[in-house]
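Topology and contacts: notes
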Amino acid sequence: MNRKKLQKLTDSLTKNCKHFNKFEVKCLINLFYNLVGDVTERQGLAVGLDRNAFRNILHVTFGMTDDMIMDRVFREFDKDNDGCITVSEWVYGLSVFLRGTLEEKMKYCFDVFDLNGDGFISKEEMFHMLKDSLLKQPSEEDPDEGIKDLVEITLKKMDHDHDGKLSFADYEQAVREETLLLEAFGPCLPDPKSQKEFEAQVFKDPNEFNEV
Amino acid sequence: MENQFGPLSLWTGLCCQHKLSIFSSLLQFQFKSLLISETTVESEEADNNAQPLLFLSVPQIKIRSFGQLSRVLHIATDTKLKEAQACIEANRNPIAKILGLDYNMIKEINEDSSVVTILDKITKDDDPESEIKMKIALLLKQLDLHLLNRSLKHISLEIRLNPGTVKNDVELLKRFSGKGEKTVLESIEYTSDYEFSNGCGAPPWRQIQGEICYVLVKPHDAETLCITCSREGVFLNGGKTDDEGEINYERKGEIYKDLVTLLREKSAIFSENMSQQEVRFNEEQQKEKDQPNAAPEEEAAALREASAASRRSALEKKQISLGRSQMTKRLEPTLNWNTTVDAKKNKSSLRDTQEEKHGGRLEKSRPSTSPGKAQLIRKSAEKIEEIISESSSESEEDEEPPDHLQEANADLPSEYWQIQKLVKYLKGGNQTATVIALCCMQDFNLAQETCQLAIRDVGGLEVLINLLETDEVKCKIGSLKILKEISHNPQIRRNIVDLGGLPVMVNILDSPHKSLKCLAAETIANVAKFRRAWRAVRHHGGITKLVALLDCRQHATEPAERSLYEAHDGEVARCGALALWSCSKSYANKEAIRRAGGIPLLAQLLKTSHENMLIPVVGTLQECASEENYRAAIKAERIIETLVKKLNSENKQLQKHCAMAIYQCAEDEETRELVRLHGGLRALASLLSNTDNKERLAAVTGATWKCSTSKENVTKFREYKAIEALVGLLTDQPEEVLVNVVGALGECCREPEGRVTVRKLGGVQPLVDLLVGTNRALLVNVTKAIGACAVEPESMTIIDHLDGVRLLWSLLKNPHPDVKAGAAWALCPCIQNAKDAGEMVRSFVGGLELVVNLLKSDNKEVLASVCAAITNIAKDQENLAVITDHGVVPLLSKLANTNDDTLRRHLAEAISRCCMWGRNRVAFGEHKAVAPLVRYLKSNDTNVHRATAQALYQLSEDADNCITMHENGAVKVLLTNFVV
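Residues numbered from 1 in each chain as written. Chains lettered and ligands numbered in written order. Predicted model: local features only at pLDDT ≥ 70, side-chain atom pairs only at ≥ 80, totals over all residues. Heavy atoms only, no water.

Focus: the overall build of chain A
- Secondary structure summary: chain A contains 10 helices and four strands in total.
- In chain A, the succession of helices and strands from N to C terminus is α-α-β-α-α-β-α-α-β-α-α-β-α-α.
- Taking all 212 residues of chain A together, the buried fraction comes to 49%.
- Put simply, 60% of the contacts in chain A that link residues at least 6 apart link residues at least 24 apart.
- Of the roughly 10,900 Å² that chain A leaves accessible, carbon and sulfur atoms contribute 49%. (Helix = DSSP H or I, 4+ residues; strand = E, 2+ residues; numbered from the N terminus. Buried < 20%, exposed > 50% of the residue type's maximum accessible area, 1.4 Å probe, protein only. Contact = heavy atoms within 4.5 Å. Areas by Shrake-Rupley, 256 points an atom, 1.4 Å probe, with all protein chains shown as cover.)

Structure (structure tokens):
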């Protein structure tokens, strides 16, 4: 990509992104193209990270392990839902992912947890997300009993309008009361340590960030 | 000597092995009875076995008789003492050597030898310190023994009955009872044959009252007596009701010391026959005591057998009636309940450990430090225990649990089970589940004790503290939020410390996350309320880290950590101060805070921050200001100014802590001045009128008191009408306030204007009323204040009218020396200013004797004050005569050799006064008071000089005294003083 085009891209992305400065955007763009590989841009075919490449980054760089959550994070980044994260989706996504305000992060997390995208986190969705969160005890007759109970107490804690599912309003209120509940159903944001490492590496000397 | 110990052959063993320097002298003296070869010396005298009684072969000498020993020692001349010492040291156990091993007194010798070894050490070390230590140790030991003997005497007087003695009594009486005229009783028997393992026959619910057993006694000449034997003694109870066999436990008669005494009282025949049997009875009793196992007499043996048999049958009976007996029934379930609970607990905790093992999903980064190891060891030990109890209680558990669960269910609140469930998820959940469980747990009312204890009882504390050791920030935050709340409970605090929670929290103080730091510091603040916790915080470097939290500037330079869980720097500092406040109650921690540079940081925070921050900061300062070096630092850091300013704050708690800090610091003259210069006195005076908050009032009056020690401050206080406020506070206030109020008034009354004000406001009466109190600090201050008031004749009239002098006089009997001294000081102006003082003093029966006897005190302040009082008392000739009769002269003379200038002055004055009666002048000379008095003239205190000169003038009227003075060079010194 030529310098002029890069400059233009950087400028336009910086304008739309409030959490990164120009240098940081440039670093992220560089990183993006490093990750994608120097594929020449072809007409009609979006250049970007596919699901697997992105999940790899989430796993290795940010230490995420939950497959389902990683898929959901990919979908969150992939705004146009074309199975591929473009450079603008990358920068925008990371701005929330790394530096989003509480409001942005709440929105992001809620969307991650709302598996079917209907605007509510249902009991089933909760169960789905929490199903591996407890140690299975062979002694118990119904191994899922603990999970079901956990879903119930979570709902009791967060479902303020008592409709048996979490709306965004429910979720928002619960998180404002207790920030710890932001990632209530699984880690979908970077933990502070890996975030710090990532930022230090990328924004300091982007050329050294090789695909891991 | 030899005769004393019998035939010579007996002491075959007294030998002294010691390098002797007297070999040559032996040669020189050429003892008649010595056989001298080249290298050895032998005595001609020999024992039965033809062994010489003295045998010397350098460097050894063996002596077999005291006769020879004394001769050798005689030769040793100068070194006699050394030789004797060496001899004794070499023969640690002469008695055993002389009389044989049977008489060995190893124990005593060991004790002695320990002393000897210490003595050895001392002489070797030449260390004066260890010598002092040794002396102290010996003195302490003596004191110890003395105390032990004393207390033993007391204890032996209070011996109470126990099941053993009662049983013996009954058994013995049984032996002497039956049909016939010579027996003491017709019959005596227990109401029930059943006996508990502790030897009591009474049912457990009566045992609680101290009752041991019940006896039915049928004397020859009275109805059957039903007697209760209890620990307090023996008494008649309501008797046995026939139909149910139940005993009416109500006490119906007097309590007697033991059975025999009671029966003597109740039955004449018993008492008569008893006196005949007395000797035998006592003999038996003695035997019973001395040889419980031996069976000396046939009778006793047979009896014992019989009683054993009856006991056996009782045992059988008990086993048979196990199902029916109410008593055992009541006992059984509780026992079972205990075991099942234990088993339950063990089993569940076993499961927990298994869970932990499987579910180590939360990466536990436990460092391999010693506490960690200790925990591991403890765990393994617990596991062993579990296995043991598991195997033993398995069967019971299978039978009992449903029953127990229902029972427990009924008792425990529903929260208990919910919390138990949450803790289960904490243990077995991954990060997500853990966070959810933690958040839900916060929704319980954690301020409520049931919830706090429920968390602990289901093993939640361990899990919460374990979570602190993980890398998960969210888990740590959630865990700390809960710990912070439940650590308000003192029991939980101790549990947290026991589980090693403090070191972990101290480590978290280093975390880059400010909110974590805050929470950890706040939790430490809650937990660190007792000594062990203070120590734990300090030992793990917590103080330094907490002090570092105070430094806001440092936080600002740290890279800003972007996270959702952040807090303000101010908040961090506030939490740090809060934790330091808790920790600063220990002396070592105060020192640690100072060394970590805490004072400048606290001063910094004091200037910059908000009220809720100020309270812990001022609290810490106030706590620390008890130390001298802190007060200096507080002055140097200009903290006083800020403290004074904050007195005007709106916050009552803050005002309280500021006033407390000023109270502590105002011991120092310069600080008092600073308080005045910064306008603190006005603030204090205005706060005096605000009486609703007693704690604050105590602090404010305290600060007022300390500040009023400076004259200028008193003037200011008068200006601000503080005296009026103080007098108003003399009634209806708690003691801690009164102490300070009276102290302040005492200081104010040192000025004539102050005295007048107090009198005009009617302050004298409440002050006199306070003389009947018992609070020591209060009494000290009250006597001081009254003494100050009494200087003014008009006030004195009031005091006299209220009989204040008599009250003061009776305080001379107070056990505390400072109260005594205060009372004696206060009496001086009273006697000076009272009308008919002499008559008044004489009216106190035994008063003068009391005063004179106080001269035997060993407290300097008491002595000085009593001397001053005597000076005043002696102004009245008649009183002087009385105290002379009570022996004031020898007592005063005895005190003459003192170096304390205050005492010297008052003593000299007292002597000069007392000279005015009879032949007291001569008596002082006879009791050798003159020479020491002359030496007083070398003191630097002019008051001492004046008083001494006066005393010498009085004494010089006796010629012998003049000679003594002259011998001691009084003339020269007096002249030089005069010239100067």
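A look at the overall build of chain B
- On a plain count of helices and strands, chain B comes out with 56 helices and nine strands.
- Considering chain B as a whole, with its 980 residues, one finds that 47% of them fall into the buried category.

Examining the environment of L550 of chain B
- Within the secondary structure, L550 of chain B is located in the loop between α25 (542-549) and α26 (552-557).
- Not counting residues up to four positions away in its chain, the partners in contact with L550 of chain B are A573, G576, A577, L580, G598, L601, L602 and L605 of chain B.

A closer look at the sheet that holds strand β8 (residues 233-240) of chain B
All names here are of chain B.
- The strand order β5-β6-β7-β8-β9 describes an open sheet built from five strands, whose pairing is antiparallel. Whereas interior strands pair on both sides, the edge strands pair on one side only; in this sheet they are β5 (187-190) and β9 (247-251). Adjacent strand axes in the sheet meet at a mean angle of 35°, parallel and antiparallel pairs treated alike.
- Of the strand pairs in this sheet, strand β7 (residues 225-230) and β8 are connected by four bridges, and their pairing is antiparallel. Within β8, the position partnered with I227 by the bridge is L236.
- Here helix α8 (residues 163-175) sits on the sheet in contact with β5, β6 (211-218) and β7, set at roughly 145° to β5.
- Against the sheet, helix α10 (residues 259-266) makes contact with β5, β6, β7 and β8, and its axis sits at roughly 150° relative to β7, the strand it touches most. (Pairing = 2+ DSSP bridges. Axes fitted to C-alpha atoms, helices over the stretch in contact; angles between N-to-C directions.)

Considerations on the interface of chain B and chain A
- Facing the 29 residues of chain B at the interface are 29 residues of chain A.
- Interface area for chain B against chain A, summed over the two sides, is near 2,500 Å², with a carbon-plus-sulfur share of 62%.
- Run the count over chain B and chain A and you get four salt bridges.
- The partner of E183 of chain A in a salt bridge is K474 of chain B, and the shortest N-O contact between them spans 3.0 Å. (Buried area = accessible area lost by both parts, 1.4 Å probe. Salt bridge = Lys/Arg side-chain N within 4 Å of Asp/Glu carboxyl O.)

A short note on the packing of aromatic side chains
- Enumeration according to the criterion identifies 15 aromatic pairs over all chains in this entry.
- Taking 5.1 Å as the distance between ring centres and 80° as the angle between the ring planes, the aromatic pair formed by F62 of chain A and F97 of chain A counts as edge-to-face. Highlighted residues: F62 of chain A in helix α3 (residues 51-62) and F97 of chain A in helix α5 (residues 87-99), separated in sequence by 35 residues.
- F62 of chain A sits in the buried class, given a relative accessible area of 3%.
- Measuring from centroid to centroid gives 5.0 Å for Y416 of chain B and W417 of chain B, while their planes differ by 80°, and the two rings are edge-to-face.
- Looking at Y416 of chain B, the relative accessible area reads 15%, which means it is buried.
- Look at W417 of chain B and you get partly exposed, because its relative accessible area is 29%.
- Among the aromatic residues, those joined into a cluster by ring pairs are F54, F62, F74, F77, F97, Y108 and F198 of chain A.
- A cation sits over an aromatic face here: R494 of chain B above F530 of chain B, 4.1 Å from the ring centre.
- Positioned over the ring face of W705 of chain B is K706 of chain B, at 4.3 Å from the centre of the ring. (Phe/Tyr/Trp six-rings, centres within 6.5 Å; stacked < 30°, edge-to-face > 60°. Lys NZ or Arg CZ within 6 Å of the ring centre and 35° of its normal.)

A word on the pattern of salt bridges
- Scanning the entire structure with this criterion turns up 49 salt bridges over all chains.
- A salt bridge links D71 of chain A to R51 of chain A; its shortest N-O distance comes to 2.9 Å. Note that D71 of chain A is positioned in helix α4 (residues 67-77) and R51 of chain A in helix α3, a separation of 20 residues in sequence.
- For D71 of chain A, a relative accessible area of 23% puts it in the partly exposed group.
- Among the residues examined, R51 of chain A registers a relative accessible area of 30% and is labelled partly exposed.
- Residue D692 of chain B is joined to R696 of chain B by a salt bridge in which the shortest nitrogen-to-oxygen separation is 3.6 Å.
- Taken together, the shared-partner salt bridges connect R51, R55, D67 and D71 of chain A into one network.

Some details on the UniProt feature "domain: EF-hand" (unreviewed entry) in chain A
- UniProt annotation of "domain: EF-hand" (unreviewed entry) refers to residues 65-100, 101-136 and 146-181 of chain A when read in the numbering used here.
- Along residues 65-100 of chain A one finds 67% helix and 6% strand; the C-alpha atoms at either end are 22 Å apart. (UniProt positions renumbered as here; feature names shortened; annotations may be inferred.)

Digging into helix α39 (residues 735-748) of chain B
Residues and elements named next belong to chain B.
- Compared with the 20 Å implied by 1.5 Å per residue over 14 residues, the 20 Å span of α39 between its first and last C-alpha is a close match.
- Counting buried residues in α39 gives 12 out of 14 residues, a clear majority hidden from the surface.
- Listed as buried for α39 are V737, L738, V739, N740, V741, V742, G743, A744, L745, G746, E747 and C748. (Expected span 1.5 Å × (residues − 1).)

What to know about the state of the cysteines
All names here are of chain B.
- If you walk through the whole model with that rule in mind, you get zero disulfides over all chains.
- Just so you know, C213 is unpaired, no disulfide at all, and the nearest cysteine sulfur is the one on C229, 4.2 Å from it.
- Take C213: its relative accessible area is 6%, and that puts it in the buried class.
- With no disulfide partner, C748 has as its closest neighbouring cysteine sulfur the one in C749, 6.7 Å distant.
- Residue C748 is classed as buried on the basis of its relative accessible area, which comes to 2%. (Disulfide = S-S within 2.5 Å.)

Description of the packing of helix α1 (residues 3-16) of chain A against helix α2 (residues 22-36) of chain A
Residue and element names in this part refer to chain A.
- Orientation of α1 relative to α2, taken along the N-to-C sense of each, is 120°, at an axis distance of 9 Å. Judged on the interaxial angle alone, α2 and α1 are oblique. The handedness of the crossing between α1 and α2 comes out as right-handed. Between α1, through L6, Q7, L9, T10, D11, L13 and T14, and α2, the contact on the second element is made entirely by K22, V25, K26, I29, N30 and Y33.
- Looking at side-chain class alone, the contact of α1 with α2 contains six nonpolar, four polar and three charged residues. (Parallel < 35°, antiparallel > 145°, perpendicular 65-115°, else oblique. Left-handed = near helix turned anticlockwise from the far one by under 90°. Nonpolar A, V, L, I, M, F, W, Y, C, P; charged D, E, K, R; others polar.)

Concerning a nonpolar patch on the surface
- A cluster of nonpolar side chains, namely I132, I136, L140, L143 and L147 of chain B, defines an oily patch on the protein surface of about 470 Å² accessible area.
- Here L147 of chain B lies in helix α7 (residues 128-157). (Patch = residues over 30% accessible without salt bridge, like charges linked within 9 Å, V, L, I, M, F, W, Y side chains within 5 Å.)

What about the nonpolar core?
- Core analysis: the biggest nonpolar cluster contains 275 residues, and W90 and F97 of chain A have the highest contact counts within it.
- It is helix α27 (residues 569-583) of chain B that provides the largest number of residues to this core, a total of nine residues.
- Discounting chain neighbours no more than four positions away, the residues touching F97 of chain A are L58, F62, M64, V73, F77, K105, Y108, C188, L189 and P190 of chain A.
- Residues V215, L225, C229 and L259 of chain B belong to the second largest nonpolar core, which totals 26 residues. (Core = buried A, V, L, I, M, F, W, Y, C linked by side-chain atoms within 4.5 Å.)

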